[in-house]
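Take a look at the letters that make up each chain.
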Amino acid sequence: MLSLQKSAARAVRPQAPATRMVVSRRVTCRAAVDKAQVLADVRAIISEQLGTELDKVAPAAKFVDLGADSLDTVEIMMALEEKFDITLDEEGAEKISTVQEAADLIAAQVSTK
């Protein structure tokens, strides 16, 4: 009877829980940015801010060539920030001299939101 009790005790003994390996993955989804639409919106804002015809606000046009002074440029940047719900830092804004550069910077920031 003693040997029966020992083997029954071994059969009932709880086993250690199995180790589970948990793998987590981080998936980042970024909204596709329509760069043509961003450029169109940037051109429209610049045209409105400067009172210039939209046709004259070409992608390669420089703000200075469009008649913008430093105050106009600040107002353009503020309007762009508001339109696209972004913040342009001073360093980045200082590097912008053409309409296309502004559109590219904005598209890059919008895509990382």
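Rules used throughout
- Residues numbered from 1 in each chain as written.
- Predicted model: local features only at pLDDT ≥ 70, side-chain atom pairs only at ≥ 80, totals over all residues.
- Heavy atoms only, no water.
- UniProt positions renumbered as here; feature names shortened; annotations may be inferred.
- Helix = DSSP H or I, 4+ residues; strand = E, 2+ residues; numbered from the N terminus.
- Buried < 20%, exposed > 50% of the residue type's maximum accessible area, 1.4 Å probe, protein only.
- Salt bridge = Lys/Arg side-chain N within 4 Å of Asp/Glu carboxyl O.
- Axes fitted to C-alpha atoms, helices over the stretch in contact; angles between N-to-C directions.
- Parallel < 35°, antiparallel > 145°, perpendicular 65-115°, else oblique.
- Left-handed = near helix turned anticlockwise from the far one by under 90°.
- Contact = heavy atoms within 4.5 Å.
- pLDDT = per-residue confidence, 0-100.

Named according to an unreviewed UniProt entry, the protein is Acyl carrier protein originating from Raphidocelis subcapitata. Quoted verbatim from the Function (unreviewed entry) field of UniProt, the annotation for the protein is "Carrier of the growing fatty acid chain in fatty acid biosynthesis."

Trainee: So what about the environment of Val38? Which residues, and what values?
Mentor: Assignment of secondary structure puts Val38 in helix 2 (residues 35–50). Here Val38 falls in the buried class, since its relative accessible area comes to 7%.

Trainee: How would you explain unusual backbone geometry if you had to name every residue and give the values?
Mentor: Notably, Asp85 is not glycine yet its phi reads approximately 55 degrees, a positive angle. Following the sequence through the fold, Asp85 ends up in the loop between helix 3 (70–84) and helix 4 (90–94). Residue Asp85 is classed as exposed on the basis of its relative accessible area, which comes to 58%.

Trainee: Residue-level account of the pattern of salt bridges, with values.
Mentor: For the coordinates displayed, the defined rule picks out 1 salt bridge. Note that Lys95 is salt-bridged to Glu91, the shortest N-O span being 3.9 Å.

Trainee: Describe the packing of helix 2 against helix 5 (residues 99–111), listing the residues and the values that go with them.
Mentor: For the pair helix 2 and helix 5, interaxial distance at closest approach is 9 Å and the crossing angle is 125 degrees. Here helix 2 lies oblique to helix 5, going by the angle between them. Of the two elements, helix 2 crosses helix 5, and the hand of that crossing is right-handed. Within the contact between the two elements, helix 2 uses Lys35, Val38, Leu39, Val42, Arg43 and Ile46 and helix 5 uses Val99, Gln100, Ala102, Ala103, Ile106 and Ala107.

Trainee: Account for the confidence of the model for the protein, naming residues and giving values.
Mentor: Overall, the predicted model of the protein reaches an average pLDDT of 83, with 73% of residues at or above 70. At the level of individual helices and strands, the protein shows its lowest average pLDDT in helix 1 (residues 2–12), which scores 54, and its highest in helix 2, which scores 97.

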